[in-house]
Amino acid sequence: MGISLKGRSFLTLKDYTKDEINYLVDLSIQLKKKKLMGIKGDLLERKNIALIFEKPSTRTRCAFTVGCLDEGGHPEYLGKNDIQLGHKESVEDTARVLGRFFDGIEFRGFSQDTVEKLAKYSGVPVWNGLTDMYHPTQILADLMTIKENLGYLKGVNFTYIGDGRNNMANSLMIGCAKVGLNFMIIAPKSLWPENDLVDTCKEYAAEVGSTITISDNTDDIIGTDVIYTDVWVSMGEEEKSKERVELLKPYQVNETLVSKTGKDALVLHCLPAVKGYEVTEETFEKHSKVIFDEAENRMHTIKAVMVATV
Ligand code: CP
Ligand code: NVA
């Protein structure tokens with residue numbers, strides 16, 4: 001039976017099965033081909049999409065905007081100072097209003113609770129464009145990029161290094177576990193992910209025969225096919241900058257670390273990158289072709305999420 005995601009929200013990859021995630025990755029690959037062939041889309045014709053941003057964004061905002069326009073829809077950007085959300089009006093009420101106007105709502109902000117309330121009260125699909133806890137649309141682009149480069153996902157050895165308890169680490173762990181990549185976090189113990197989430201992901205991994213490993217030893221990177229890093233200080237945590245730099249210096253992605261893999265490993269980064277901190281300029285530039293393919297793939301994957309669910 002075919003997969004249908006019509007009417008579904010996209011709040012965390014926990015809510016999606018392995019087959020549904022693979023379906024979205026494959027749909028993204030098809031949509032990318034369609035765009036390269038110059039075929040005009042109409043899959044979102046007469047659809048209105050709200051884009052709520054409490055935090056800044058380059059890739060996610062542009063991916064939703066261009067992805068929506070490519071398929072004939074209308075995107076409406078609603079910045080944090082443009083609407084009443086959470087200030088003058090409750091999230092529940094804003095959700096009920098937007099649900100009357102729009103066919104889908106993207107939310108980027110702080111609280112996972114806000115995006116879940118928007119989904120509960122709007123009655124239309126709601127997509128998580130990043131919260132403090134999760135960044136699920138990014139993971140689709142990461143998986144797509146790995147598939148484009150290696151040709152497969154199941155059995156790939158994937159290592160995330162850096163802040164092991166941020167939105168990217170959490171979401172990559174869920175996504176990789178579901179789809180069957182062998183997933184490792186290398187981070188100082190004080191930045192390890194929550195035990196509950198690790199246990200949940202270990203259950204997902206057991207179902208597909210892959211592994212989850214949490215380590216603080218950079219030597220464990222040996223044998224990895226993909227190295228992934230993210231900023232050491234996420235949006236909203238700026239006061240932690242000094243302590244994070246001290247803590248994470250030994251976990252920088254640089255040529256010494258890459259050579260420890262013993263492989264021709266891919267290096268990925270969700271961007272924006274703070275070069276000289278989580279990754280050196282030299283390593284970033286060596287892998288920039290794939291990193292910017294990954295950034296472009298945000299558009300194809302976000303388009304896939306919209307057309308699949310609206
Ligand atoms: N990777 C990512 O989400 O980038 P933006 O913050 O620019 O959207
Ligand atoms: N962890 C980063 C991801 C940016 C895409 C942040 O939340 O700022």
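In what follows, the accompanying structure is described. (Residues numbered from 1 in each chain as written. Chains lettered and ligands numbered in written order. Predicted model: local features only at pLDDT ≥ 70, side-chain atom pairs only at ≥ 80, totals over all residues. Heavy atoms only, no water.)

Next up on the list: the site of ligand 1. Taken together, Ser57, Thr58, Arg59, Thr60, Arg108, His135, Gln138, Cys270, Leu271 and Arg298 are the residues near ligand 1. In the model, an oxygen atom of ligand 1 is placed 2.6 Å from a nitrogen or oxygen of the Thr58 main chain. One nitrogen or oxygen atom from the side chain of Arg59 is found 2.8 Å from an oxygen atom belonging to ligand 1. Protein contacts shield 95% of the accessible area of ligand 1, which totals 250 Å² for the unbound molecule. Of the residues that constitute the shell around ligand 1, the class distribution is two nonpolar, five polar and three charged. (Near = heavy atom within 4 Å. Polar contact = N/O pair within 3.5 Å; in protein donor to acceptor, adjacent residues only side chain to side chain. Areas by Shrake-Rupley, 256 points an atom, 1.4 Å probe, with all protein chains shown as cover. Nonpolar A, V, L, I, M, F, W, Y, C, P; charged D, E, K, R; others polar.)

What follows deals with the site of ligand 2. Around ligand 2, the surrounding shell consists of Leu130, His135, Asn166, Asn167, Asp230, Val231, Ser234, Met235 and Leu271. A distance of 2.8 Å separates a nitrogen atom of ligand 2 from a polar atom in the side chain of Asn167. Within the backbone of Met235, one N or O atom sits 2.9 Å away from an oxygen atom of ligand 2. Its residues assigned to classes, the shell around ligand 2 comprises four nonpolar, four polar and one charged.

Right, let's get into the packing of helix α5 (residues 136-150) against helix α6 (residues 167-179). Interhelical geometry of α5 versus α6 gives an angle of 55° and a closest axis separation of 9 Å. As judged from the angle between their axes, α5 and α6 are oblique. The interaxial crossing formed by α5 with α6 has right-handed handedness. Of the residues in α6, those touching α5 at Pro136, Gln138, Ile139, Asp142 and Leu143 are Met168, Ser171, Leu172, Gly175 and Val179. The residue makeup of the contact of α5 with α6, split by class, is six nonpolar, three polar and one charged. (Axes fitted to C-alpha atoms, helices over the stretch in contact; angles between N-to-C directions. Helix = DSSP H or I, 4+ residues; strand = E, 2+ residues; numbered from the N terminus. Parallel < 35°, antiparallel > 145°, perpendicular 65-115°, else oblique. Left-handed = near helix turned anticlockwise from the far one by under 90°. Contact = heavy atoms within 4.5 Å.)

A turn of α-helix holds 3.6 residues, and therefore any two residues three or four places apart point the same way. The terminal C-alpha atoms of helix α7 (residues 195-208) lie 20 Å apart, and with 14 residues this matches the ideal 20 Å at 1.5 Å per residue to within 8%. All of the buried residues along α7 are Leu197, Val198, Cys201, Tyr204, Ala205 and Val208. Down the axis of α7, the sector holding all buried residues measures 120°, keeping them to one side. Exposed side chains of α7 directed beyond 90 degrees from the buried face belong to Asn195, Asp196, Glu203, Ala206 and Glu207. Elements that come into contact with the buried residues of α7 comprise α1 (18-36), α6 and β7 (212-215). Backbone geometry just after α7 places Gly209 at a positive phi near 75°. (Expected span 1.5 Å × (residues − 1). Buried < 20%, exposed > 50% of the residue type's maximum accessible area, 1.4 Å probe, protein only. Arc of directions from axis to C-beta.)

To continue, consider the side chain of His287. Note on placement: His287 falls in the loop between α10 (281-286) and α11 (288-309). If we ignore the near neighbours within four places in the chain, the residues touching His287 are Ala265, Leu266 and Val267.

Below, the discussion takes up the sheet that holds strand β5 (residues 157-161). Read across the sheet, five strands follow the order β7-β6-β5-β8-β9 without closing on themselves; strand pairing throughout is parallel. If you trace the sheet from one side to the other, it starts and ends with β7 and β9 (266-269), each paired once. On average, adjacent strands in this sheet sit at an angle of 20° to one another, irrespective of strand direction. Relative to strand β8 (residues 226-229), β5 runs parallel, the two being bridged by three bridges. Note on β8: the bridge partner recorded for Tyr160 is Tyr228. Its contacts with the sheet put α6 on β5, β6 (182-186), β7 and β8, and the angle it makes with β6 is roughly 160°. Contacting β8 and β9, α11 runs over the sheet at an angle of about 45° to β9. (Pairing = 2+ DSSP bridges.)

Another aspect to go through is the pairing of β8. Neither face of β8 is exposed, since Val226 and Tyr228 on one face and Ile227 and Thr229 on the opposite face are all buried. Bridging between β8 and β9 involves four bridges; their strand directions are parallel. Its bridge partner lying in β9, Thr229 is registered against His269.

To continue, consider helix α2 (residues 59-70). Taking 1.5 Å as the rise per residue, α2 with 12 residues should run 16 Å; its terminal C-alpha atoms sit 16 Å apart, in good agreement. Thr60, Ala63, Phe64, Gly67 and Cys68 are the residues of α2 that are buried. An end-on view of α2 places all buried positions within 115° of arc, on one side of the element. Directly beyond the C-terminal end of α2, a positive phi value near 85° is found at Gly72.

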